[in-house]
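Chains, contacts and geometry: an overview
The lines below spell out each chain.
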Amino acid sequence: MLRKLSVVLSLVVVFSAAIPGRARSQDPPAVIRVQVRETPEEAVLRIRVPADVAPDSVDIVVNGRQVVVFARDREGRPLRSRIIRLRAPVVEEGAEADY
């Protein structure tokens, strides 16, 4: 008998502070960094976005076992994370996010 595995997704979104004294033109291209911690029941994603990202622009897209984070900075430029592949598909019921 096959047992279908699934996990609940928990998100922690962290907005990074700007580096004092660093000119905006010297900043590297913004990327969204994601750290993943998985257990058999849960996948916890710690998402780090640049400080100039509008909080309401952060969008987490889940498709089965794949997760991608999209956002826009305050000037409207699009940002994204790498594709995250989890061990098991995500169950939306019970998912939670902390900012």
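Here, the structure is the one placed above.
Computed from a prediction, not measured in an experiment: that's the story for all the values here. (Residues numbered from 1 in each chain as written. Predicted model: local features only at pLDDT ≥ 70, side-chain atom pairs only at ≥ 80, totals over all residues. Heavy atoms only, no water.)

**Focus: the pattern of salt bridges**
The test is simple: Here, a salt bridge means any side-chain nitrogen of Lys or Arg that lies within 4 Å of a carboxyl oxygen of Asp or Glu. The way it works is that DSSP assigns letters per residue, a run of H or I at least four long becomes a helix, a run of E at least two long becomes a strand, and they are numbered from the N terminus. A 1.4 Å probe rolled over the protein chains alone gives each residue an accessible area, and that area as a share of the maximum for its type sets the label: buried under 20%, exposed over 50%, partly exposed in between.
Tallied over the entire structure, the rule returns three salt bridges. Across the salt bridge formed by Arg87 and Glu38, the nearest N and O atoms sit 4.0 Å from each other. Linking Arg87 in the loop between β7 (84–85) and β8 (90–98) with Glu38 in strand β2 (residues 33–38), this pair joins segments that are 49 residues apart in sequence. Accessibility expressed as a relative area gives 60% for Arg87, which makes it exposed. By sharing partners, the salt bridges in this structure join Asp73, Glu75 and Arg77 into a single network.

**A word on the nonpolar core**
Quick reminder of the rule: The nonpolar core is taken to be a set of buried Ala, Val, Leu, Ile, Met, Phe, Trp, Tyr and Cys residues, with the residues joined through side-chain atoms within 4.5 Å. Throughout, a residue-residue contact means that at least one pair of heavy atoms, one from each residue, lies within 4.5 Å.
Ranked by internal contacts, the top residues of the largest apolar core, which has 15 residues, are Ile32, Val34, Leu45, Ile47, Val53, Val69 and Leu86. Contributing elements (two or more residues each) for this core: β3 (42–49) and β5 (66–72). Among residues more than four places away in sequence, those in contact with Val69 are Ile32, Val34, Ile47, Val58, Asp59, Ile60, Leu79, Arg80 and Ser81.

**Brief notes about the pairing of β2**
In summary, the side chains of a regular strand alternate between the two faces of the sheet. Convention followed: Criterion used throughout: strands pair if DSSP finds at least two bridges between them.
Pairing between β2 and β3: six bridges, direction antiparallel. Of the residues in β3, the one forming a bridge with Gln35 is Arg46. Following β2, the chain reverses through three residues before pairing antiparallel with β3.

All quantities given are derived from atomic positions and should not be read as evidence of function.
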